[in-house]
Every structure is written in C-alpha cells, then in structure tokens.
Amino acid sequence: MTDQFQLTDDQLAIQDMARKFTADRITPFAAEWDETHHYPVDVWKAAGELGFGAIYVAEESGGIGLGRLEAALIMEAMAYGCPATSAYVSIHNMATWMIDRFGGAEIKARFLPQLVGMEKIASYCLTEPGSGSDAAALKTTAKKDGDHYVLNGTKQFISGAGYNDVYVCMVRTGEEKSKGISCLVVEKDTPGLSFGAPEKKLGWNASPTAQVIFEDCRVPVENLVGAEGDGFRFAMAGLDGGRLNIGACSLGGAQRCLDEAIAYTKDRQQFGQPIADFQNTQFMLADMATDLEASRALLYLAAAKVTANAPDKSRFSAMAKRLATDNGSKIVNDALQLFGGYGYLKDYPIERFWRDLRVHSILEGTNQVMRMIVGRDLLRQ
C-alpha cells in the first residue's frame, strides 16, 4: 500500500494524543455533562495546553501550525467521547484562525496570546434570527462614530454565548449585501453587549447556546479584522475548515456507536445465541462500517485539499460535510436499533450521540446548502 493513503507518523502521534486525552478527560464525564448541562471550561484549558485551541494557527502566532487533516483527526478523536465538546473546540479554532489569518499585527498581538492556549475562549457570530442559510442577509449594523463602531442587532444560535471571553462577529458596515460585511472582535465586558437566555436544545447540552445582543455597543475601530467589507469572504473561508471539523465530529460519534454496537451484539443473547450471530446484525454492522470508512476517506481527502488550498477545496469540503454528517446520523440510528429498547435509555450512550449528531446536518451550512455549493461548482466548469 502506498504512503499516499496512510497517516504519517506525526499524524498518528497527534491522533493518539487526542484519543488519550479524550479517554482520560472527556469520555468518563460526557453523560454527566449532558445531563447537568455543564460547560467543561476546565477541560478546554487542558486541551489548550496540548495546542488544541490553535491547531491550524501559525507557529509564529503561538499556534501549532498543523494542517486541516490533523485538525480533523483531533476533532474525530474528541467526538468519540463527546461531540458537543469536540464541536466547541472546532468553533474556537475557527474564530482564532480568522484573527490569525486575516488580522493585522496589532490585533493579533492583543488577542492571540490568550486565545491560542485557550486561557480565553472565542465564539463565532454569523447567524441571526432572520439570516441562517442566507448568511449575507445579516442585519446587525456597525456604524462608525469617531474611533469606535456602534453595534446594534442580534446574533442567533451562538455557541458559548454568555460564557466566552471573545466574540468574532460579522456585522454590516455597508449597504451592499456580501461586500458590506466586516469582521469585528468584541470582548465580553463591552458595554452594550448582552446575552439571551440559554436555549433549551435537543442535544449539544455540554455547549451552551444563546443570542448575542448588541444595543449601542461601542467597539474600538482597532478591533476590525482586515479591511471593511472583507468580512463575508473571511466567514466563508473559515467555513471550509468548520465543515471539515463538524464532519469529523460525526465520524468520531459514529465510530463510538459502531464500537458500542459490536460489543453489545456480541454480549446480548436472544433465541439462545448472541444477536451478533444473526446475519441481519452482521449485515447492518457491515453497512455501518462501510459507510463510515467511505465518509472518512472523503473527509480526509477534502482536508488535504483545504490545507493545499486546492481550487476545488470548497466543493470537496461541502461534499465531505454532507456525506459524513448524513452517514454519521444514520450509523448512530442503526446502532440504537441494534441496542433495541436499551438504546432508548440514558443508561447507554447511544441516545446521547443520536441527539448530539442530529444538529451536524444543520450547522456550518445545512446539508441542502452543501448540495447547492457542489451543484453550482459542477455547473461552473
């Protein structure tokens, strides 16, 4: 077998480190976090010490300067324990990378030292109550007033809202739809910034979600990332990586449920034999494993393309996100079926993964929008 389809020694070492961290710090506690809606900030800090808060942030900025495949390996490993926790690490990475990639020297020096080690945690604010898939229709305004921008508007479904220290926000500085959007970094204690009540969600209970509300919120002009009007381009660039990461979270959750289903069906006896001995069980497990490997192969390929800045990186990120999140949810659903009535109980982890993975086909661009991106790209050729 050629090296082309194998992980390098460095990648295997990173994967192993992330798996050990997950087994030690995440997996034993994930059910409790889900039940008590606990946001495990102490675990972030420990992850930050390993460099997991700045996976693809440049080394000169204090990050570990790795590629998108390495990021996917870390997210996949962490999601094996808790997809909500893993997905949150992805969001922090996306927001931190955006400052590193597009910010000037001054803003990088102010924010990155504390973000890269996760001493401070970042949220990413694009979605609004009236603009989800149509992200460029956002209405939150930032009007210049001397050496400040004055922000007014609301952001919706923001992970970590009210808890996190830094909010990387897409705001409207001009009239044009996508060209009128700019990127501002807003600190938690800024006057005029407030947060809605935590949303009551189906899953992702270990990651709080709430509105971010701006009421005449004054943000210094030096908190602008890049140039005015470039924000939407930054947001879209960030989402290629976000899509890979959320797809990787589905891979990790699906792998966990497949492993649990194999162990359970070998142990569970019906009709005088383990249910794993029935051909139906074996066929279900075979399809689950095949769909998982196909999704993983496409996602790793897409990650390599984003790292290499290949011209078709966005199409492949969209394809991989769509396939991994759809297949991930199907695999978990089939695992729940193999567990029978026990799969429906909170005594077993399957139902938590079933709830947590469901949102992956909605966020970072719905799977319908992923198909639009792929279709448009095919017809553009």
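Remember, predicted model here, so these are calculated numbers, not experimental data.

**Student:** Sorry, what's going on with the pattern of salt bridges here?
**Tutor:** Opposite charge on two side chains permits pairing when their charged atoms draw close. Scanning all chains against the criterion turns up 18 salt bridges. The shortest N-O distance in the salt bridge between R296 and E76 comes to 2.8 Å. One end of the pair, R296, is in helix α8 (residues 279-307); the other, E76, is in helix α4 (residues 68-79), with 220 residues separating them in the sequence. The exposure class assigned to E76 is buried, which follows from its relative accessible area of 7%. R296 serves as the salt-bridge partner of E293, at 3.2 Å between the closest nitrogen and oxygen. Taken as a pair, E293 and R296 lie in helix α8 at a separation of 3 residues, close to a single helical turn.

**Student:** Just checking my understanding: could you explain the packing of helix α5 (residues 83-102) against helix α7 (residues 231-267) for this structure?
**Tutor:** Angle between the axes and distance between the axes: these two values describe a pair of packed helices. Relative to each other, α5 and α7 sit at 155°, their axes nearing to 9 Å. Comparing their axes, α7 and α5 come out roughly antiparallel. In this structure, α5 crosses over α7, and the sense of that crossing is right-handed. Contacts between α5 and α7 involve P83, S86, A87, S90, M94, W97, M98 and F102 from the former and R233, F234, A235, A237, G238, L239, G242, N245, I246 and C249 from the latter. By residue class, the composition of the contact of α5 with α7 is 12 nonpolar, 5 polar and 1 charged.

**Student:** Before we go on, may I ask you to explain the environment of G242 in this structure?
**Tutor:** Mapped onto the elements, G242 comes out in helix α7. With relative accessibility at 0%, the residue G242 sits in the buried group. C-alpha separation for the pair G242 and L323, spaced 81 residues apart in sequence, amounts to 15 Å. Excluding anything up to four places from it in sequence, G242 contacts S90, M94 and E364.

**Student:** When you look at helix α10 (residues 350-358) in this model, what are you seeing that I'm missing?
**Tutor:** In an α-helix, one turn spans 3.6 residues; hence positions three or four apart end up facing the same way. Counting buried positions along α10 gives 7 out of 9 residues, so the element sits mostly inside the fold. Taken together, the buried positions of α10 are occupied by I350, E351, R352, F353, R355, D356 and L357. Residues of α10 that are buried sit in contact with α2 (30-36), α4, α5, α7 and α9 (313-339).

**Student:** Before we go on, may I ask you to explain the pairing of strand β1 (residues 122-125) in this structure?
**Tutor:** Moving residue by residue along a regular strand, the side chains alternate between the two faces of the sheet. Side chains A122 and Y124 project from β1 onto one buried face, and the interleaved S123 and C125 project onto a second face that is buried too. Direction of pairing for β1 relative to strand β4 (residues 166-172): parallel, over a ladder of 4 bridges. In the sheet register, A122 faces β4, and the bridge partner there is V166.

**Student:** Got a minute to help me understand the environment of Q211 in this structure?
**Tutor:** Assignment of secondary structure puts Q211 in strand β7 (residues 209-220). Here Q211 falls in the partly exposed class, since its relative accessible area comes to 24%. In the structure, Q211 is positioned 151 residues away from I362 in sequence and 17 Å away in space, judged by C-alpha atoms. For Q211, the residues in contact, after removing those within four places along its chain, are P129, T154, K155, Q156, A161, S194, F195, G196 and E199.

**Student:** Would you mind showing me how to read the packing of aromatic side chains here?
**Tutor:** Aromatic rings considered in pairs are described by the distance between their centres and by the relative angle of their planes. Under the defined criterion, the tally for this structure stands at 15 aromatic pairs. A centroid spacing of 6.2 Å and a plane angle of 85° characterise the contact between F21 and F52, whose relative ring orientation is edge-to-face. You can see F21 sitting in helix α1 (residues 9-25) and its partner F52 sitting in the loop between α3 (41-49) and α4, a full 31 residues away along the chain. Each member of the pair, F21 as well as F52, is classed as buried. The interplanar angle of 65° and the centroid separation of 5.6 Å between the aromatic rings of F339 and Y348 together place this pair among those described as edge-to-face. By relative accessible area, which is 3% here, F339 ends up buried.

**Student:** Looking at this model, I keep getting lost on the side chain of S131. Mind explaining?
**Tutor:** For S131, the position within the fold is in the loop between β1 and β2 (141-145). The class of S131 is buried, set by a relative accessible area of 2%. For S131, the residues in contact, after removing those within four places along its chain, are A137 and L138.

Quick notes on the rules
- Residues numbered from 1 in each chain as written.
- Predicted model: local features only at pLDDT ≥ 70, side-chain atom pairs only at ≥ 80, totals over all residues.
- Heavy atoms only, no water.
- Salt bridge = Lys/Arg side-chain N within 4 Å of Asp/Glu carboxyl O.
- Helix = DSSP H or I, 4+ residues; strand = E, 2+ residues; numbered from the N terminus.
- Buried < 20%, exposed > 50% of the residue type's maximum accessible area, 1.4 Å probe, protein only.
- Axes fitted to C-alpha atoms, helices over the stretch in contact; angles between N-to-C directions.
- Parallel < 35°, antiparallel > 145°, perpendicular 65-115°, else oblique.
- Left-handed = near helix turned anticlockwise from the far one by under 90°.
- Contact = heavy atoms within 4.5 Å.
- Nonpolar A, V, L, I, M, F, W, Y, C, P; charged D, E, K, R; others polar.
- Pairing = 2+ DSSP bridges.
- Phe/Tyr/Trp six-rings, centres within 6.5 Å; stacked < 30°, edge-to-face > 60°.

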